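# A look at the structure
Take a look at the letters that make up each chain.
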Amino acid sequence: MNKYERNGKLLTCILSGKIDTLNTSVLENEINENMIEDITSVVIDMQEVDYISSSFLRIVIKIVKAVSKENFVIKNVNPSVMKVFKIANLTEIINIG
Amino acid sequence: MKRIKNKRGLTFKLIIFIFLSVAIIFTLIFLDNYDISKKMVEKNLKLNAELITKNIVYKAEKILGSVQEIPNNFSKIIEDSSYSEAEINRILKMEVENNSEIYGACIAYEPFYFNSTKKYYAPYYYRNKKEIEFKCLGNEQYDYFIMDWYKIPKEINRPMWSEPYYDKGGGNVIMSTYSVPLYREKNGKKYFIGILTADVSLDLLREYFESIKVYKTGYAFMISKKGTYISHPIKELIINETIFSIADAQKSSEMRVIGRDMVKGESSFADTEYYNIKYNKLSRIAYAPVSLNGWSVGVVFPVDEFMKDVNNLFIRVMFLGLGGLFFICLVIIFISRSITSPLRKLSIAANKFAEGDFDFEIPPSSSNDEVGSLNKSFAHMQSALKKYIENLRLTTSAKEKIESELKIAREIQMGMIPRKFPAFPEKKEFDIYGFIEPAKEVGGDLYDFFFIDDVRLCFAIGDVSGKGTPAALFMAITTTIMRAENQIAGLNTSSVINLMNNYLCKNNEGNLFVTLFLGILNTSTGEVEYINAGHNYPFVIKSNGAVSELNTTHCIPLGISINTCSNPNTFKLEKGDTIFLYTDGVSEAFNIDDQQYSIKKISEILHNQANHTPFEIIQHIIDDVKDFSQGTEQSDDISVLAIKYLGKPLSKVPTQNYQMVIKNSIGNLSSLSEKITQLCNNWEMSSDVLNKVNLVVEELISNTIFYGYSDTFEHDIILNLMYDESTISIEIIDDAKEFNPITQKSADINSDINERQVGGLGIHLVKSLSDAFTYQREDSKNKIKIIIQF
Amino acid sequence: MMKITNEKISELLIIHTEGRLDAITSVEFEKEVMPMIQQSEHPVLIDFGKLDYISSAGLRTVLILAKETKKSNNSLALCSLNETILEVFRISGFDTIVSIYPTIEEWFASMK
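### Examining the overall build of chain B
Scanning chain B for helices and strands turns up 18 helices and 28 strands. Scored against the burial criterion, the 790 residues of chain B give a buried share of 48%. Considering only contacts in chain B between residues 6 or more positions apart, those separated by 24 or more positions represent 63%.

And the structure:
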């Protein structure tokens, strides 16, 4: 179950489980619903995520384009998920830790 | 009619515009004309009316004048004082007797004039049927001195006509009493003695008025000084009504104004129109006074009658005009039909043309106007296009024939080049990968590799000069001979090359030649023996990253002349070294600025590739070349071959195999993932490898499911997993549309975040996570094989 | 794109070539130059001073022209090749099939 918290202009998403092609569209809807107009910065906590595929990368890129890289942080990424981000060269662009 | 009614049609437009314009012009001219005519008629009318009225007045005056002569004469007689009463009375009687118009006559004397005892003395003779009767008027009840007929003439010293009245006898005769003042002279002075009256019938006047003809329904009438009708076609009005009472009854202010003017004695032709009493028709009236007695004559002219001629003219002109417009319509219809009819035919012909029917006949046009010339141009275009399309069809079908032959030739050619990777999975001493992409036409590039014995791998890369089928055949021959000659173990490279050259030189009419690099790798020692017949110098990448060229040319390309190639060279590949071979399609790839990729660039890229597999190295180079030459058409075949020496192999481990069949529904991905996870756990693989496998499978299969099929049927996707100690290989076979992930340009992972596309990431991930990646299209199926090493 | 001009200097034929010799232009090149070579009874020089690029199709054309001159007991030489083109000839071994001179003058000198 993904959790979402809104604090003023900040949206925090706490994701969990596998994020693959199948459940990406559900995730995208959830994020869209929470990305109301006030939101200017986003934090995604991936502590509980053990697997991502390219469809998640697409969502990430969409978020970056929406709020710009200074306002976007992805944290608590485990090594195998980090590897995917590295291959896609997103670690240079987004604050991922 | 339908064509005319077509609101957008030419005919309709013309009719509307021309018709409206002509109609407007015509109406304006006509109205102006009518206006002028009306004014002319009016002017004429005025003159006429005034003349007619004057004439009537003149006649009326004549009649009245003649009537009033009798009393006037009598007054003269009576003024002659010598007559006695009896004589005067006799004269009075005679007056009545002898004049049929006079119904009665009376002399009313001043008080006590005639007889000093009689105040009132007024002998009166009157007609009663056929007799003349006598009466003496005047008594206290009948005080004639105060009556108008006595008082007024006395005051004004002249004769006067009274207001008209009907005769006393009860008949319908209109009468008026003419009163003449009488005077006698005494001592040089005139003094008033009395009034002589004559009751005169106005019948003559009435007859005259009734005979007056004014147009057809016009008429004349006469009113008295007080406005009372003396003569009028409506007999009931006479005496009974005045012009004012009628004006009131009719609520006509125009009539009242006219009446006032007439009574005042004015003469005019009234400007205003009013509704005449007799017929209630709109009329104009002319009037003039009868100066004799202040009565007035009015002549009524019905507007419709005096305007009749103009109106008739109006109607006539209108009909002519309408007739003319109608005629214009017909002419327009005729002319526009002569234009639109051929145009319509041309339009039909053009539509037929567009449908591909070039033989539809264009109706000939004999006219020399623009329509006719359009027709001729169209016919000319039709025949020219027919010829052109026929030519094109012939050329295209010829071209297609050639192209299909070329396609077949290419398929055969490609079949001869080993493209299955990993080529020797069981051989752990080296890793080999090759890639060829022909240019548009059938190419002449080749690479090949095969074992000539258990240990020695023969490999070669070459480039046939020229393109097209002859080059391809030449290349086929080269490969065949190379394999054949190499079957004879013990031969070394130079003997093989010389044998090949000899064979190729024979029967080489086309003067083709092939550059060839031929090498033999001893897989247990790493030694390579090679001969270079005019081919690009291959690169060697040492495990420490150093890059060098094998820059020896041993002989000229094969197929030119029979000469002996000099002795081969040898060198040793250490563990981790790679040899990289290419053809000039790589180094001479052009970009849009006409610059070459260049050998230098290849060298630069290879510098960083020491730790990469042949697959990765080649992927890198190909990606870079494609990037560089984007926007231009590939002009030459691109071929690359890379061999990495790995050294002595580890002991063999039996491989595990697992196959699954999945239907092409995205919902199946989750169960697939579970199965793979379970399998990998059984094989005791690390979670890192498990994730890689899951990711690769998920990306490739979801790609196939999303983009691979254009129908809605169920399709099978076959997944094969093979596992041995150091590698896991994943094979996916589907019958979707042809899709080679290797040649797909990878997602640009270096572009600015704002320009990053979301597509292509999946394939990029797969390529990055794979240690080897091959693709084949076989039996209308895509076969992808991925190797992950661990 | 390719342009050819020729001149005769005391019966020695010099053919100046400008542009590229690739799969397309080499066909035209062969068509134009072949008759010149066949008609010449004296040594022929092809000046590649203004040649930008040569592909294997161009090499093939040079080979065909060289063979033709050999048939008529004549000689064909090339001169003024730029560094890249010179390298191509060296790698492919074509520098042993046809003589290459650095300049027109040096070829002249060798004629004596």
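Having seen the structure, we can now continue with the description.
### Description of the layout of surface pockets
All names here are of chain B. What the largest pocket holds in volume is close to 1,200 Å³. Lining the largest pocket we find 33 residues, and of these R410, M414, R419, P438 and E738 sit closest to its centre. Of all the elements in the fold, those that place two or more residues in the lining of the largest pocket are helix 10 (370–415), strand 14 (430–437) and strand 27 (772–778). Formed jointly, the lining of the largest pocket draws a minimum of three residues from each of two domains, domain 2 (423–645) and domain 3 (656–789).

### Details of the sheet that holds strand 4 (residues 76–79) of chain C
Residues and elements named next belong to chain C. Strand order in the open sheet formed by 5 strands is 1-2-3-4-5, and the pairing between neighbours is mixed. Unpaired on one side and paired on the other, strand 1 (2–9) and strand 5 (99–101) mark the two borders of the sheet. Neighbour to neighbour, the strand axes of the sheet diverge by 25° on average, direction disregarded. Of the strand pairs in this sheet, strand 2 (residues 12–21) and strand 3 (residues 44–54) are connected by 8 bridges, and their pairing is parallel. Within strand 3, the position partnered with L13 by the bridge is V44.

### Focus: the sheet that holds strand 18 (residues 527–533) of chain B
All names here are of chain B. Reading across from one edge, 15-16-17-18-21 is the order of the 5 strands in this open sheet, with antiparallel pairing throughout. Only two strands of the sheet have a single neighbouring strand rather than two, namely strand 15 (445–451) and strand 21 (569–572). On average, each strand axis in the sheet is inclined to that of its neighbour by 15°, with strand direction left out of account. In terms of strand pairing, strand 16 (residues 456–464) meets strand 17 (residues 514–522) through 9 bridges, oriented antiparallel. Across the sheet, the residue bridging to C458 is I520, located in strand 17. Each of strand 17 and strand 18 is contacted by helix 12 (residues 493–505), which is oriented at about 155° to strand 17, the strand it contacts most.

Parameters at a glance
- Residues numbered from 1 in each chain as written.
- Chains lettered and ligands numbered in written order.
- Predicted model: local features only at pLDDT ≥ 70, side-chain atom pairs only at ≥ 80, totals over all residues.
- Heavy atoms only, no water.
- Helix = DSSP H or I, 4+ residues; strand = E, 2+ residues; numbered from the N terminus.
- Buried < 20%, exposed > 50% of the residue type's maximum accessible area, 1.4 Å probe, protein only.
- Contact = heavy atoms within 4.5 Å.
- 1 Å grid on protein atoms, 1.4 Å probe; cavity = no way out; pocket = protein on both sides within 12 Å on 5 of 7 lines; lining within 4 Å.
- Points joined across faces, edges and corners; volume = space filled by probe spheres on them.
- Domains from an automatic or database assignment.
- Pairing = 2+ DSSP bridges.
- Axes fitted to C-alpha atoms, helices over the stretch in contact; angles between N-to-C directions.

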